[in-house]
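Summary of the model geometry
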Amino acid sequence: MSFVPGQPVTAIVQRIEIQKLRQGENLILGFSIGGGIDQDPGQNPFSEDKSDKGIYVTRITPGGPAEVAGLKMGDKIMQVNGWDMTMVTHDQARKKLTKRKEDVVRLLITRKSLEETVKQSMGCHPKQ
């Protein structure tokens, strides 16, 4: 999904709710993130045009809370508990995801397969 800075973004999104796993003092989500406005977008393996500074899921723990909830590697996180994640630093994103007072994280994500499914249902087929 590419966009032009300053222009509205249209995205096909999915809601995912992750129940954090409590391990002693820690609350585990079961995934890692990459990206952010302070990171080099050229290093992001999920950015199609290598200019997207969004927050992406870079790793999923097998059997962990994120996998059980349906999160997938490469998902772009658009919101966390209602907070916009499209223009945040990596550290700001990490802090929003790991708040100790929250046992549940509600994500709004987009993924390439969601966009392709909608395009196919509308009669627009991706180029081979």
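All values derive from a computational prediction rather than experimental measurement.

A word on the side chain of Asp 52. Structurally, the position occupied by Asp 52 is in the loop between strand S4 (31-35) and strand S5 (55-60). On the accessibility criterion, Asp 52 (4% relative accessible area) is buried. Among the polar contacts listed, one links the side chain of Asp 52 to the backbone nitrogen of Gly 54, at a separation of 2.8 Å. Reaching out from Asp 52, the side chain makes a polar contact with the side chain of Lys 76 at a distance of 3.0 Å.

Of all hydrophobic cores here, the largest spans 19 residues; its most connected members are Ile 18, Phe 31, Leu 71, Ile 77, Leu 97 and Leu 107. Those residues within four positions of Leu 107 in sequence are excluded, and the remaining contacts are Gln 14, Arg 15, Ile 16, Ile 18, Phe 31, Leu 71, Ile 77, Gln 79, Val 80 and Leu 97.

What follows covers the environment of Ala 69. Of note, Ala 69 is situated in helix H1 (residues 65-69). Once you skip the residues sitting within four places of it in the chain, Ala 69 turns out to touch Ile 16, Glu 17 and Ile 18.

Conventions we followed
Along each chain, numbering runs from 1 in the same order as the chain's sequence is written. Local features in this predicted model are restricted to residues of pLDDT 70 or higher, and side-chain atom pairs are both shown and tallied only at a pLDDT of 80 or more, whereas totals for entire chains, interfaces and linings draw on every residue. Calculated side-chain values reflect all of the structure's heavy atoms, with hydrogen atoms and water omitted. Counting from the N terminus, the helices are DSSP H or I runs at least four residues long and the strands are E runs at least two residues long. Whether a residue is buried, partly exposed or exposed follows from its accessible area with a 1.4 Å probe, protein chains only, as a fraction of its type maximum: under 20%, in between, or over 50%, in that order. Polar contacts, as counted here, are pairs of nitrogen or oxygen atoms within 3.5 Å of one another; within protein the pair requires one atom able to donate a hydrogen and one able to accept it, and residues that are adjacent in sequence qualify only if both atoms are side-chain atoms. For our purposes a nonpolar core is just a set of buried Ala, Val, Leu, Ile, Met, Phe, Trp, Tyr and Cys residues, chained together by side-chain atoms within 4.5 Å. Throughout, a residue-residue contact means that at least one pair of heavy atoms, one from each residue, lies within 4.5 Å.

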